[in-house]
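Spelled out, the chains give:
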Amino acid sequence: MDMQAKGVPKVTVSYTGIIIAGGQSRRFGSPKAFAKLEGKPLYSYSISILNKYCSSIVLVTNSSLEQSFKQENLAVQVIQDIKKYQGQGPLAGIFSAMTKVTDEWYMVLPIDVPFMQEWVIEELIYQLDDSYEAIVPVVNGKKQPLVALYHQSLRNRIEENLQQGKRSLDQLLTNAKVKYLTNIEDENPFININHREDFPE
Ligand SMILES: Nc1nc2c(ncn2[C@@H]2O[C@H](COP(=O)(O)OP(=O)(O)OP(=O)(O)O)[C@@H](O)[C@H]2O)c(=O)[nH]1
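Analysis parameters
- Going along each chain's sequence as written, the residues are numbered from 1 onward.
- Local features in this predicted model are restricted to residues whose pLDDT is 70 or higher, and side-chain atom pairs enter the listing and the counts only when it is 80 or higher, whereas totals over whole chains, interfaces and linings include all residues.
- Only heavy atoms go into the side-chain values, all of them from the structure, while hydrogens and water stay out.
- Put simply, two rings from Phe, Tyr or Trp (the six-membered ring, in Trp's case) pair if the centres are within 6.5 Å, and we call them stacked under 30 degrees between planes, edge-to-face over 60, tilted for the rest.
- Under the DSSP-based scheme used, a helix requires at least four consecutive residues in state H or I and a strand at least two consecutive residues in state E, with every element numbered from the N terminus.
- Categorising residues by exposure relies on relative accessible area from a 1.4 Å probe, with only protein chains included: less than 20% of the type maximum marks a residue as buried, more than 50% marks it as exposed, and the intermediate range marks it as partly exposed.
- UniProt positions are given in the numbering used here, feature names are shortened, and annotations may be inferred rather than shown by experiment.
- We call two residues in contact whenever any of their non-hydrogen atoms come within 4.5 Å of each other.
- Here a polar contact is taken to be a pair of N or O atoms separated by no more than 3.5 Å, where protein atoms must pair a possible hydrogen donor with a possible acceptor and residues adjacent in sequence count only if both atoms sit in side chains.
- Detection works on a 1 Å grid of protein atoms alone, calling trapped sets that fit a 1.4 Å probe cavities and calling open sets with protein on both sides within 12 Å along at least five of seven lines pockets, with lining residues defined by an atom within 4 Å of a point.
- Grid points are joined across faces, edges and corners, and a volume is the space filled by probe spheres set on the points.
- For this scheme, ten residues count as nonpolar: Ala, Val, Leu, Ile, Met, Phe, Trp, Tyr, Cys and Pro. Four count as charged, namely Asp, Glu, Lys and Arg, and the remainder, Gly too, count as polar.

K.L.:
I keep staring at the packing of aromatic side chains and nothing clicks. Help me out?
P.N.:
If you walk through the whole model with that rule in mind, you get 4 aromatic pairs. Ring plane angle 40 degrees and centroid distance 4.6 Å describe the contact between Phe34 and Phe69, whose orientation is recorded as tilted. With Phe34 in the loop between β1 (15-21) and β2 (36-37) and Phe69 in helix α2 (residues 63-71), this pair connects stretches of sequence that are 35 residues apart. Note on Phe34: relative accessible area 23%, which makes it partly exposed.

K.L.:
I tried to follow the UniProt feature "binding site: Mg(2+)" (unreviewed entry) in the protein chain on my own but got confused; where do I start?
P.N.:
This chain's UniProt record puts "binding site: Mg(2+)" (unreviewed entry) on Asp112. Tracing the chain through its elements places Asp112 in the loop between β6 (105-110) and α4 (118-126). If we ignore the near neighbours within four places in the chain, the residues touching Asp112 are Lys32, Leu42, Ile191, Asn192, Ile193 and Asn194. Side chain to side chain, Asp112 and Lys32 meet in a polar contact 2.9 Å long.

K.L.:
Help me understand the layout of surface pockets in this model?
P.N.:
If you roll a probe as big as a water molecule over the atoms, it shows you where there is empty space left. A volume near 890 Å³ is recorded for the largest pocket. As for the largest pocket, its lining consists of 35 residues, and the residues nearest its centre are Arg27, Lys32, Pro90, Asp112 and Leu146. Elements supplying a minimum of two residues to the lining of the largest pocket: β1, α3 (90-100) and β8 (142-143). For the lining of the largest pocket, the residue count by class is 16 nonpolar, 11 polar and 8 charged.

Set out below in structure tokens:
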């Protein structure tokens, strides 16, 4: 039986947290990162959970939200998407953070998953394996590439994709060595807030 504790990688690796926070919140109608759920801004849920596992976290946002994040005096590094790829979606955010901070692995989270649970992050970390380029949960058949681990070796491929206008994470993963975690059935941690109606009553 495998007695290794979850949340501890089987191999010795280093990883940095990336919070992608540069979306337009068009469906939400105002910057959803700052919308409050139970008195706390949405982004703070992602920071809290990553703080438990990552000694360094980069929050990557767009030029219009950067100041708002900086004013919060967060204990994370706040950066903007690389100019060339601004407004090009989550993949551009991941690339910008990978470019700013060099590490072996990156633990990515969006800002709109306030119900994320520690066991998900611990399972991902536990599955860290240098023979793969990404570790991605699949929840009831649906890939969750915004809650995943990416190896730095993917950085150049991400750049090539962005240069060719290929912004899809799914497309990136089809050509990468991915370890999919298919044993996850609980969808609750992955619920993401897109519309105001997505907030619980
Ligand atoms: N850094 C960065 N993050 C992004 C970008 N686009 C989306 N994100 C983040 O990716 C996650 C998922 O974004 P979505 O909910 O699909 O997009 P959104 O722009 O926030 O919302 P809509 O405008 O309603 O689609 C969120 O955490 C966003 O903040 C981007 O261009 N740069």
